[in-house]
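Working through the structure, step by step
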Amino acid sequence: MADASSPIGVFDSGLGGLTVASAIMDALPHERIVYLGDTARVPYGTRSPRTVLRYARACARRLQAHDIKLLVIACNTVSAVAVDMLRVELDMPVLGVIGPGARAGIAASVNGRVGVIATRGTVASGAYGRELAGLSSKAELFPQAAPLLVPLAEEGWIDGAVPSEVVQHYLEPLAAAGVDTLILGCTHYPLLVGVIREVAARVLSADVRVVDSAHATATELQALLVSRGLARTEGPGDLRIMVTDLPGRFAEVASRFLGRDIDESAVEQIDL
Ligand code: DGL
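First, a word on what this report is: a plain description of the structure on this page. Computed from a predicted structure; not experimentally measured. (Residues numbered from 1 in each chain as written. Predicted model: local features only at pLDDT ≥ 70, side-chain atom pairs only at ≥ 80, totals over all residues. Heavy atoms only, no water.)

**With respect to the pairing of strand β5 (residues 113-118)**
Worth spelling out the cut-off: The buried label applies to any residue whose accessible area, calculated with a 1.4 Å probe on protein chains only, is under 20% of its type's maximum; exposed applies above 50%, and partly exposed to all values in between. For the purposes of this entry, the term helix denotes a DSSP run of H or I that reaches at least four residues, the term strand denotes a run of E that reaches at least two, and both are numbered from the N terminus. Strand pairing is assigned whenever DSSP identifies at least 2 bridges connecting the two strands.
The buried count for β5 comes to five of six residues, which makes it a mostly enclosed element. In the sheet, β5 pairs with strand β6 (residues 140-145) via six bridges, with the strands oriented parallel. The residue of β6 that forms the bridge with V116 is P143. Looking at chain direction, β5 and strand β7 (residues 181-185) are connected through five bridges and run parallel. Looking at the pairing, G115 lines up with L182 of β7.

Encoded structure:
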């Protein structure tokens, strides 16, 4: 039976979800995390909801075998299509990133006009719009798919002319919408937050607020753990990483998303 000392399970389509793991480690330094990155099948953002559901179920079941106390779906694309299914199927609390991201977005917005950039799968699901509509009858969501930001983040090409032009290309369609808040609706985008802020201030409005769903999720996770009596309040935290493939440049890319060095002895390759 899982209790406060049990680990938190976190999964993503690949390594991008380490941005969420990193935010959790910062907010909850005593927690133990088991992370699963489905690096053999990334990206999920271009796949059909049916396939994403199948992959999500496999990831969740693998983490369940680690006696986790709670499951965090770090991937926006999975959160967009599979959170309800996993909540029904798993006998534990499940937290996706879309609810926390949408709540942080609406809290930050003054005029209720909120933009979100995300993968094509997340945009097509309409999940951010549904979440926002449930929070405020006046809120309006303006979604924009920004697929090229994923490979740019993976390459570490996070500043300079090329990312700036790509971000501008994606934000220009939102310029006429009058959004005062922009949600980063993809695991990879926090790496590009510097260039996104700079371009958003130029293209959208000088005081646009940029909301990162990774941090919003860590904040809600903390409250959820406390409310369920599942918070681990002492002892060192740790991070164990499982991946379904060990791609080239693994340590470099993973450390970039995690924002700290990877302990490669804590990385295990598994089959799903
Ligand atoms: N993790 C995905 C997300 O947050 C981005 C990468 C992918 O397409 O799998 O939507």
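**Describing the site of the ligand**
What counts, and what does not: The nearness test applies per residue and asks whether one of its heavy atoms lies within 4 Å of the molecule or strand. N or O atoms within 3.5 Å of each other form a polar contact, as long as, within protein, one can give a hydrogen and the other can take it, and as long as residues adjacent in sequence are counted only when both atoms are side-chain atoms. All accessible-area figures derive from a Shrake-Rupley calculation using a 1.4 Å probe, and residue coverage is judged against the displayed protein chains alone. Definitions used for this entry: grid spacing 1 Å over protein atoms alone; cavity, a set of points where a 1.4 Å probe fits but cannot get out; pocket, an open set with protein on both sides within 12 Å along at least 5 of 7 lines; lining residue, one with an atom within 4 Å of a point. Those molecules having more than half of their atoms within 2 Å of a cavity or pocket grid point set are described as sitting in that cavity or pocket. Each residue is assigned to one of three groups, with Ala, Val, Leu, Ile, Met, Phe, Trp, Tyr, Cys and Pro labelled nonpolar, Asp, Glu, Lys and Arg labelled charged, and all others, Gly among them, labelled polar.
The ligand sits among 13 residues. The nearest are D12, S13, Y44, G45 and T77. Within the side chain of D12, an N or O atom sits 2.8 Å from a nitrogen atom of the ligand. The backbone of G45 places a nitrogen or oxygen atom 2.8 Å from an oxygen atom of the ligand. Considered on its own, the ligand offers 300 Å² of accessible surface; in the complex 98% of this is hidden by protein. Comparing atom positions with the cavity grids shows the ligand to sit within the largest pocket. Tallied by class, residues from the shell around the ligand come to five nonpolar, seven polar and one charged.

**Quick word on the side chain of S22**
Selection criterion: The contact criterion used throughout is that any non-hydrogen atoms of two residues lie within 4.5 Å.
Among the structural elements, S22 can be located in helix α1 (residues 18-27). Look past the residues within four positions of S22 in its chain and what remains in contact with it is F257, L258 and R260.

**Focus: the layout of surface pockets**
Selection rule: Grid points are joined across faces, edges and corners, and a volume is the space filled by probe spheres set on the points.
Reported here for the largest pocket is a volume of approximately 310 Å³. Forming the boundary of the largest pocket are 18 residues, of which P43, G45, T119, P147 and V150 lie nearest the centre. Top element by residues in the lining of the largest pocket is helix α7 (residues 149-155). It accounts for three residues. Across the lining of the largest pocket, the residue classes break down as eight nonpolar, eight polar and two charged. Looking at the second largest pocket, its volume works out to about 250 Å³. For the lining of the second largest pocket, the leading source of residues is helix α3 (residues 76-89), giving seven residues.

**Structural notes on empty space enclosed by the protein**
As enumerated under the stated definition, the model contains one cavity of 30 Å³ or more in all. Within this model, the largest cavity holds a volume of roughly 40 Å³. In terms of lining, the largest cavity is formed by T19, V20, A74, N76, V97, L184, C186, T187, P190, D212, S213 and A214. Of all elements in the fold, only α1 and α10 (213-227) reach the threshold of two or more residues within the lining of the largest cavity. Tallied by class, the residues present in the lining of the largest cavity amount to seven nonpolar, four polar and one charged.

**Comments concerning the packing of aromatic side chains**
We count it as follows: Only centres within 6.5 Å qualify two rings of Phe, Tyr or Trp (six-membered ring in Trp) as a pair; their planes then separate them into stacked at under 30 degrees, edge-to-face at over 60, and tilted for everything else.
Summed over the entire model, instances satisfying the criterion amount to one aromatic pair. Residues Y44 and Y55 carry aromatic rings whose centres are separated by 5.3 Å and whose planes lie at 50° to one another, so their mutual orientation is tilted. Of the two residues, Y44 is situated in the loop between β2 (32-37) and α2 (49-64) and Y55 in helix α2; the sequence distance between them amounts to eleven residues. Grouping residues by exposure puts Y44 and Y55 together as buried.

**Focus on unusual backbone geometry**
The omega torsion across V42 and P43 is 5°, close enough to zero to call that bond cis. Locating P43 in the fold gives a position in the loop between β2 and α2. Notably, R249 is not glycine yet its phi reads approximately 60°, a positive angle. The residue R249 is located in the loop between β9 (238-243) and α11 (250-258) in this model.

**Thoughts on the pattern of salt bridges**
Going by this rule: By definition, a salt bridge exists where a carboxyl oxygen of Asp or Glu is found within 4 Å of a side-chain nitrogen of Lys or Arg.
This structure, assessed with the given rule, holds 15 salt bridges. The salt bridge involving D180 is made with R209; its shortest N-O contact spans 3.8 Å. Linking D180 in the loop between α8 (161-171) and β7 with R209 in strand β8 (residues 209-212), this pair joins segments that are 29 residues apart in sequence. Among the salt bridges present, the one from E252 reaches R256, with a minimum N-O distance of 2.7 Å. In this pair, E252 and R256 are both assigned in helix α11, four residues apart and thus about one turn of the helix distant. The exposure class assigned to E252 is partly exposed, which follows from its relative accessible area of 40%.

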